[in-house]
Every structure is written in C-alpha cells, then in structure tokens.
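Letter by letter, the chains look like this.
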Amino acid sequence: MAPRRAEVDPLDLFEFLPGIAMIKVFDAGVSFEFSLIGTGLAKLYGLVTRQIVSQVDCPPENREALLDALTLCVASKKPVLGTWRKARTLKLVEMDLEVVFVPISEDGDQVSRILGYHVVLN
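My aim in this report is to walk through the structure given alongside it, one point at a time.

Here is what the cut-offs are and how they apply
Residues numbered from 1 in each chain as written. Predicted model: local features only at pLDDT ≥ 70, side-chain atom pairs only at ≥ 80, totals over all residues. Heavy atoms only, no water. Buried < 20%, exposed > 50% of the residue type's maximum accessible area, 1.4 Å probe, protein only. Helix = DSSP H or I, 4+ residues; strand = E, 2+ residues; numbered from the N terminus. Pairing = 2+ DSSP bridges. Salt bridge = Lys/Arg side-chain N within 4 Å of Asp/Glu carboxyl O.

## Observations regarding the pairing of strand β2 (residues 31-37)
- The buried count for β2 comes to six of seven residues, which makes it a mostly enclosed element.
- Pairing of strand β1 (residues 20-26) with β2, which is carried by six bridges, proceeds in the antiparallel orientation. Looking across to β2, one finds that V25 is bridged to F32.
- The antiparallel hairpin formed by β1 and β2 contains four residues in its connecting segment, where D27 sits at a positive phi of about 50°.

Written out as structure tokens, the structure is:
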C-alpha cells in the first residue's frame, strides 16, 4: 500500500519541487484538489493551490489525462506512470511529458492524497 502522509516530506524531494504537485483526494476519488504546486507546473498550466482539478483552465485533453491518471491511481492504489505526448501549456506550447502519480494514505488503507511529478522530455 501507499505510504502514509506523515512519511512523505516534499522537502526531501527539493530538487524535484518545481515539477511536484500534492493532490488531495475527495469522495473516494471522485474529486481532486491541488494542495501544493511546484513552480514549474504553475508556469506550464497556470495552476494555483486549492484549485479543483476538474476546473483547471488548461487544454481539455490535459485535464482529461490528469483526471484519468488520478482516478486510476486511487482505484488501483498503485503508482501510475505515463508519457503525455504533445501536451499543451496555457500558451499552447506543445511538449512531451513524463508523469508519475504515487498514492499516499493517511490510514494505510484509503488513498487520501496523490504525489504527482511531471518532467519535460523535450
């Protein structure tokens, strides 16, 4: 099962922080909210803290891919790794991204948060 939230300290991942997002899970994976967003992701997508994922103002295919990955992560209780080809930023710049989403649990059973990481491949 995923680590408990207390076992994950974003500062341990300092060099990766620009590409990291901590995402809260609500209603057993029906809804998600950004609780921490790295500066790199904020620049790419225009994300802000406390923003509901389904309401992110980015290209629809990015939002759909993100929601699909988060939903799979909650359902499987396992990390999800993927490559998003030709993902677009708010300014419609295309790039390839590698993404990983790691489930985190407060109680050792249910996924309560997801640690996400994006890295630009090109």
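## Some words on the pattern of salt bridges
- If you walk through the whole model with that rule in mind, you get five salt bridges.
- R88 is the salt-bridge partner of E61, the closest N and O atoms lying 2.7 Å from each other. Residue E61 is located in helix α2 (residues 60-76), and its partner R88 is located in strand β3 (residues 80-88); the two are separated by 27 residues in the primary sequence.
- Exposure remark for E61: the relative accessible area of 36% places this residue in the partly exposed category.
- Using a relative accessible area of 23% as the deciding quantity, one classes R88 as partly exposed.

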